[in-house]
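The chain contents come next:
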Amino acid sequence: MLKRTIYSLAIVAFIAGCSSGTKLNDTPVVDGAGAGGMGRSGSASGVAPVTIDPNAQNAAGPVGVARIVYFDYDSYTVKPEYQSLIDGHARFLKANPQRRVSIEGHTDDRGGREYNLALGQKRSEAVRRALNLLGVNDSQVEAVSFGKEKPAVQGAGEAAFAQNRRAEVTYR
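Below, the structure is looked at part by part.

Conventions adopted
- Residues numbered from 1 in each chain as written.
- Predicted model: local features only at pLDDT ≥ 70, side-chain atom pairs only at ≥ 80, totals over all residues.
- Heavy atoms only, no water.
- Helix = DSSP H or I, 4+ residues; strand = E, 2+ residues; numbered from the N terminus.
- Buried < 20%, exposed > 50% of the residue type's maximum accessible area, 1.4 Å probe, protein only.
- Contact = heavy atoms within 4.5 Å.
- Right-handed = clockwise from strand over helix to strand, strands pointing away.
- Core = buried A, V, L, I, M, F, W, Y, C linked by side-chain atoms within 4.5 Å.
- Polar contact = N/O pair within 3.5 Å; in protein donor to acceptor, adjacent residues only side chain to side chain.
- Pairing = 2+ DSSP bridges.
- Axes fitted to C-alpha atoms, helices over the stretch in contact; angles between N-to-C directions.

This brings us to the overall build of the chain. Helix and strand content of the chain: 5 helices and 4 strands. From first element to last, N terminus to C terminus, the chain shows the α and β order α-α-β-α-β-α-β-α-β. Every one of the 172 residues in the chain was classed for burial, and the buried ones make up 27%. Restricting the contact set of the chain to residue pairs at least 6 apart, pairs at least 24 apart contribute 69%.

Written as structure tokens, this is what we have:
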């Protein structure tokens, strides 16, 4: 009898502990700020205004320039077809010496983890060297490898593999 009572009390305590004080049928909180930024009570909302960065148009990097260099299987050679992409980023970085960029090397999922990390690093370093040869300061560019850890596309076919063998230019 004592076991049943303790068991019953434990179940009641468990159910009570799981209950929430949130009423699911209540109306969600709505921003009370109307015209002039005043809340329902007539006082200011206390939210700081957003300051727009004057360089926001450049924050994403050069406009109209692709950000991905694709590679052949088991290769870290930058193909000539990506020279204009690298030129565009080099011009932008030289014109904006305060900007920094990360070159992220990726591979498809064939091969071991260590091999793919090394290949991804070689791919990112190849793009970094190409930027350096075009006059970009080395302190503006960081080369990193994700290997096969961040695929752009899931799948095991050649089309998916080809999209995963890449180096991505990411502005910070």
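A word on the pairing of strand β3 (residues 141-147). The side chains of a regular strand alternate between both faces of the sheet. With burial as the criterion, only one face of β3 is covered, namely that bearing Val 141, Ala 143, Ser 145 and Gly 147; the residues Glu 142, Val 144 and Phe 146 on the opposite face remain uncovered. In the classification by handedness, the crossover that spans strand β2 (residues 101-106), the intervening helix α4 (residues 113-133) and the parallel β3 is right-handed.

As a further point, take the nonpolar core. Judged by nonpolar contacts, the single largest core of 18 residues is most densely connected at Val 101, Ile 103, Val 127 and Leu 131. Among the secondary structure elements, those contributing two or more residues to this core are α3 (83-95), β2, α4 and β4 (166-171). The biggest single contributor to this core is α3, with 5 residues. Aside from chain neighbours lying at most four places away, what touches Val 127 is Val 69, Phe 71, Val 78, Ile 103 and Ala 167.

Glancing now at the side chain of Asn 116. Topologically, Asn 116 is positioned in helix α4. From its side chain, Asn 116 meets the backbone oxygen of Gly 111 in a polar contact 3.3 Å long. What Asn 116 contacts, discounting residues up to four positions off in sequence, is Thr 107, Asp 108, Asp 109, Arg 110, Gly 111, Ser 145, Gly 147 and Lys 148.

So, on to unusual backbone geometry. Note: most residues except glycine have negative phi, and most peptide bonds are trans. Even without being glycine, Asp 74 reaches a positive phi, approximately 55°. The topology assignment puts Asp 74 in the loop between β1 (68-70) and α3. A residue is classified by how much of its surface remains accessible, and Asp 74, at 43% relative accessible area, is partly exposed.

Turning our eyes to something else, we now look at the sheet that holds β2. Across the sheet, 4 strands lie side by side as β1-β4-β2-β3; this open sheet has mixed pairing. Since the sheet does not close on itself, it has two edges, and those belong to β1 and β3, each with one partner. Adjacent strand axes in the sheet meet at a mean angle of 20°, parallel and antiparallel pairs treated alike. The pairing of β2 with β4 spans 6 bridges and is classified as antiparallel. Residue Glu 104 lies in a different strand from β4, and its bridge partner there is Glu 168. Lying over the sheet, α3 contacts β1, β2 and β4, oriented at roughly 20° with respect to β4. Strands β1, β2, β3 and β4 of the sheet are contacted by α4, whose axis makes an angle of about 155° with β3.

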